[in-house]
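Each chain is listed here by its residues.
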Amino acid sequence: MRLLRNNWFWNIILVLTLIICAMVLAMHFKNWIGTDDDGLNLRSGFYRVHVPYQELDSVLLVDRIPPMQRLNGFSALEKEKGIFREFKDSLTNKRVHVFVDNIGHQKIKLVYRDSVYIYLNLKDSVETIQLMNNLSAKILNVE
């Protein structure tokens, strides 16, 4: 009985650690995509990107992402998220944001500001294609 009373501090620390880990996992569980009048907002946990429609150069559908080095982020099961650097461009330190919920499905490659890349997809491939069609329509409306 005395042992349980003396370890209350460590029990609280353990429970708080488990709660924080569960919250971080929930934040990274899926991509949160928001659109407004001037741009596209991508969020997944700690990673956030705002892509203005006026600076959007191209929207492509690709089967695979190129080989890249992960600067930070994670890969788990079908998910690939974080900031990467392409192998062919390792001298310029150009960063590529990756928001992939299902690595087996097609991905959207966004190019904006002439040379900044983002790869993204959603868990459902139909929603990914709908998002690509909406972004392609935005490019045509801006031009």
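Described in the following lines is the structure provided in the data block. It should be emphasised that the depicted structure is a prediction, and the values quoted were computed from it without experimental measurement.

Across its full length, the chain holds three helices and nine strands. Element order for the chain, N to C, with α for helix and β for strand: α-α-β-β-β-β-β-β-β-β-β-α. Taking 143 residues into account, the globule formula puts the C-alpha radius of gyration at 15 Å, and the chain, at 19 Å, lies well above it. Across the 143 residues that make up the chain, the buried fraction comes to 36%. Pairs at least 24 apart in sequence give 42% of the contacts found in the chain among residues at least 6 apart.

Let's shift gears to the sheet that holds strand β9 (residues 116-121). Strand order in the open sheet formed by six strands is β4-β8-β9-β7-β6-β5, with mixed pairing between adjacent strands. Edge positions in the sheet fall to β4 (56-62) and β5 (68-76), since each of these pairs with one other strand and no more. Taking the axes of each pair of neighbouring strands and ignoring which way they run, one obtains an average angle of 15 degrees across the sheet. Looking at chain direction, strand β8 (residues 107-112) and β9 are connected through five bridges and run antiparallel. Its bridge partner being in β9, Leu-110 is matched across the sheet by Ile-118.

Right, let's talk about the sheet that holds strand β1 (residues 32-35) for a bit. Taken together, the three strands give an open sheet; going across it, the order is β1-β2-β3, and neighbouring strands pair in antiparallel fashion. Each edge of the open sheet carries a strand with a single partner, namely β1 and β3 (47-52). Across the sheet, the axes of successive neighbouring strands diverge by a mean angle of 15 degrees, strand direction being ignored. Two elements, β1 and strand β2 (residues 39-44), share four bridges in a ladder whose sense is antiparallel. Residue pairing in the sheet places Thr-35 in a bridge with Leu-40 of β2.

Conventions used here
- All residue numbers refer to positions counted from 1 along the written sequence of the respective chain.
- With pLDDT at 70 or above as the cut-off, local features in this predicted model cover only qualifying residues; side-chain atom pairs require 80 or more to be listed or tallied, and sums for whole chains, interfaces and linings still use all residues.
- Side-chain measures here rest on the full set of heavy atoms in the structure, leaving out hydrogens and waters.
- Only DSSP runs of H or I with at least four residues qualify as helices, and only runs of E with at least two residues qualify as strands; both kinds are numbered from the N terminus onward.
- C-alpha atoms define the radius of gyration in this analysis, and the globule rule sets the expected value at 2.2 Å times the number of residues to the power 0.38.
- The rule is simple: take the accessible area with a 1.4 Å probe, protein chains only, and divide by the maximum for that residue type; under 20% is buried, over 50% is exposed, in between is partly exposed.
- The contact rule is simple, with two residues in contact once any of their heavy atoms fall within 4.5 Å.
- Note: two strands are recorded as paired if DSSP finds a minimum of 2 bridges between them.
- Note on geometry: axes are lines fitted to C-alpha atoms, helical ones only across the stretch in contact, with angles between N-to-C directions running from 0 to 180 degrees.

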